[in-house]
Amino acid sequence: MLRRHPWIFSGGVGAVEGSPRPGDTVDVLSSDGKWLASAAYSPKSQIVGRVWSFTPGEDIGQEFFKIRIEQAVATRKSLAPTVPERACRLLNAESDGLPGVIADRYGDWISCELLSTGAERFKDEIAAQLMAATGALGVWNRSDAAVRTKEGLPRTSGPLAGQEPPELVEIEEGPARLLVDIRNGHKTGYYLDQRDNRSAVRKLCAGRNVLNCFCYTGGFGVMALHGGAAGCMNIDSSGPALELARKNTALNGQEHEDVEYLEDDVFAALRRLRDQGRTFGAIVLDPPKFVDSRANIQKGCRGYKDINLSALRLLEPGGLLFTFSCSGLLDEDLFQKVVAGAALDSVRDARIVRRLGQAPDHPVALNFPEGQYLKGLLVQVA
Ligand code: SAH
């Protein structure tokens, strides 16, 4: 608390005075009665309080959300053109001073995830201020993530403000045009956090035959082809994701290129490709979160090692591996060790040529290091 960390754990709370309800704004006091912060109360969660403000007397209402949201939108604008105005994360929760509030902009639409009781309580204020600060036509609520249940909140999705978005919304990412399914896609619809890494793939894959693992709607592959890749094989276990990947290929005029789509489990597919004697000049490994709790770190590491080992074996001499982990509980050091272990077992001479991370519209507040979740390594084999 004294380090301005925005989370208050249940074990650290001596007593709750009065009878606050979930989502109510409460005052947080030190054991000797000094005012520390105002926070959203969440009795069902281990994180019983999420701090709205460390400023005494700041009222948590319309004006508070107006200021925070205008600030967040302004910082994104100040990072243009690195952060594109019409396809970016506007609110990155704790790191933008709004615990549990995620808002991504896709063209004229905003897609939100509200992951805390406090965010839920003020959803109308948040939506109204997002509309006002951006001129968006509508805000869609994608609060259907499983973590909502930890806060005792139901999983829900639907319109929050303004007009309803069309089934597919088109965004631009560098030279690429991409379709986003705000209603049914993962998270808020797309993985904006990987924007800069997709750009790195575009710049480094000319002439290379690319294997895009965990491709989702094909973003890395589309970008690779924009950069002159010789071909791209996209693998994902989700049929609907691959269907959208095909549409994205067509939208970018790449349907006549050497593009393959494989609906398969990446673990198994990588082994099969090896049996078939296939090789690639570049491989992207962007798996879902393998570590979702501390108890799962070892198991998750085995998963990361497995795919990295298999991928390294498929690389041509001089080949590039873009390997990622979005598990917040797995730190950069350990991830690097896992990849090093995979390199050792693959008997490939491999070196890190670049470190990769989340795009700048996904900032990490220095008082909230947990906000750093995406890490990656660009590894080149000899
Ligand atoms: N690289 C993507 C985002 C990947 S999200 C982008 O830049 O947009 C992770 C993807 O992995 C999801 O699309 C999910 O369907 C897929 N997935 C999860 N487990 C998988 C598995 N075992 N094999 C193949 N795909 C898997």
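For the structure, see preceding data.
Residues numbered from 1 in each chain as written. Predicted model: local features only at pLDDT ≥ 70, side-chain atom pairs only at ≥ 80, totals over all residues. Heavy atoms only, no water.

1. Observations concerning the packing of aromatic side chains
For the structure on display, the rule yields twelve aromatic pairs. When the ring of Trp52 is compared with that of Phe64, the centres are 6.0 Å apart and the planes differ by 75 degrees; the resulting orientation is edge-to-face. Note that Trp52 is positioned in strand β4 (residues 47-53) and Phe64 in helix α1 (residues 62-78), a separation of twelve residues in sequence. Put simply, the rings of Trp52, Phe64, Phe65 and Phe122 touch in pairs and so form one group of aromatic residues. Sitting above the plane of the Trp140 ring, Arg183 keeps its charged end 4.5 Å from the centroid. Positioned above the aromatic ring of Phe220, the side-chain terminus of Arg198 is 5.9 Å from the ring centre. (Phe/Tyr/Trp six-rings, centres within 6.5 Å; stacked < 30°, edge-to-face > 60°. Helix = DSSP H or I, 4+ residues; strand = E, 2+ residues; numbered from the N terminus. Lys NZ or Arg CZ within 6 Å of the ring centre and 35° of its normal.)

2. What to know about the pattern of salt bridges
Evaluation of the coordinates by the stated rule reveals 20 salt bridges. The shortest N-O distance in the salt bridge between Lys66 and Glu70 comes to 3.2 Å. Residue Lys66 and its partner Glu70 are both found in helix α1; the two are separated by four residues, about one turn of the helix. For Lys66, a relative accessible area of 30% corresponds to the partly exposed category. Relative accessible area serves as the criterion here: at 40%, Glu70 is assigned to the partly exposed category. Between Asp264 and Arg272 there is a salt bridge, and its shortest N-O distance comes to 2.8 Å. A relative accessible area of 35% places Arg272 in the partly exposed class. One salt-bridge network, held together by shared partners, links Arg50, Glu94 and Glu151. (Salt bridge = Lys/Arg side-chain N within 4 Å of Asp/Glu carboxyl O. Buried < 20%, exposed > 50% of the residue type's maximum accessible area, 1.4 Å probe, protein only.)

3. A short note on the sheet that holds β4
Pairing is antiparallel in the open sheet, where four strands are placed in the order β1-β4-β3-β2. Each edge of the sheet is formed by a strand with only one pairing partner; in this case those strands are β1 (7-9) and β2 (25-29). When strand polarity is set aside, the average angle formed by the axes of neighbouring strands in this sheet is 40 degrees. The pairing of strand β3 (residues 35-41) with β4 spans four bridges and is classified as antiparallel. If you follow Ala39 over to β4, its bridge partner there is Val51. (Pairing = 2+ DSSP bridges. Axes fitted to C-alpha atoms, helices over the stretch in contact; angles between N-to-C directions.)

4. Observations regarding the layout of surface pockets
As a volume, the second largest pocket reaches approximately 660 Å³. Taken together, 24 residues form the lining of the second largest pocket, with Val13, Ala15, Asp27, Val28 and Leu29 sitting closest to its centre. Of all elements in the fold, only β1, β2, β3 and β4 reach the threshold of two or more residues within the lining of the second largest pocket. Of all the elements, β2 adds the most residues to the lining of the second largest pocket, at four residues. Taken together, the residues that form the lining of the second largest pocket break down as 16 nonpolar, six polar and two charged. (1 Å grid on protein atoms, 1.4 Å probe; cavity = no way out; pocket = protein on both sides within 12 Å on 5 of 7 lines; lining within 4 Å. Points joined across faces, edges and corners; volume = space filled by probe spheres on them. Nonpolar A, V, L, I, M, F, W, Y, C, P; charged D, E, K, R; others polar.)

5. Some details on the nonpolar core
Ranked by size, the top nonpolar core spans 32 residues in total, and within it Leu211, Cys213, Ile283 and Leu285 carry the most contacts. Going through the elements one at a time, β12 (209-213), β13 (231-236), α7 (266-275), β15 (280-285), α8 (297-314), β16 (315-325), α9 (332-346) and β18 (375-381) are the ones with two or more residues in this core. For this core, the leading source of residues is α8, giving eight residues. Phe65, Ile69, Val73 and Ala119 belong to the second largest nonpolar core, which has 27 residues in total. (Core = buried A, V, L, I, M, F, W, Y, C linked by side-chain atoms within 4.5 Å.)

6. Some words on the pairing of strand β10 (residues 169-173)
Only one face of β10 is buried: it carries Val169, Ile171 and Glu173, and the other face, with Glu170 and Glu172, is open. Where β10 lies against strand β11 (residues 176-180), five bridges are found, and the strand directions are antiparallel. By the bridge assignment for β11, Glu170 is matched with Leu179. Between β10 and β11, which follow one another and run antiparallel, lie two residues, and Gly174 among them has a positive phi close to 55 degrees.

7. Here's the deal with the site of the ligand
The local shell around the ligand holds 16 residues, among which Arg198, Asp236, Asp265, Val266 and Asp286 are the closest. One nitrogen or oxygen atom from the side chain of Asp236 is found 2.6 Å from an oxygen atom belonging to the ligand. Taking Asp286, its side chain carries an N or O atom lying 2.7 Å from a nitrogen atom of the ligand. In isolation the ligand has 590 Å² of accessible area, and contact with the protein removes 89% of it. Across the shell around the ligand, the residue classes tally to eight nonpolar, three polar and five charged. (Near = heavy atom within 4 Å. Polar contact = N/O pair within 3.5 Å; in protein donor to acceptor, adjacent residues only side chain to side chain. Areas by Shrake-Rupley, 256 points an atom, 1.4 Å probe, with all protein chains shown as cover.)

8. Brief notes about the environment of Gly18
Relative to the elements of secondary structure, Gly18 occurs in the loop between β1 and β2. Through-space distance from the C-alpha of Gly18 to that of Trp7 is 21 Å; in sequence the pair is eleven residues apart.

9. With respect to the packing of α8 against α9
The packing of two helices is summarised by the inter-axis angle and the distance between the axes. Two numbers describe how α8 lies on α9: the axes approach to 8 Å, and their chain directions differ by 45 degrees. Relative to α9, the element α8 is oriented oblique. The two elements α8 and α9 cross, and the hand of that crossing is right-handed. Residues Ile297, Cys301, Tyr304, Lys305, Asn308, Leu309, Leu312 and Arg313 of α8 form the contact with α9, whose participating residues are Leu334, Phe335, Val338, Val339, Gly341, Ala342, Ala343, Asp345 and Ser346. When grouped by side-chain class, the residues that make up the contact of α8 with α9 number eleven nonpolar, three polar and three charged. (Parallel < 35°, antiparallel > 145°, perpendicular 65-115°, else oblique. Left-handed = near helix turned anticlockwise from the far one by under 90°. Contact = heavy atoms within 4.5 Å.)

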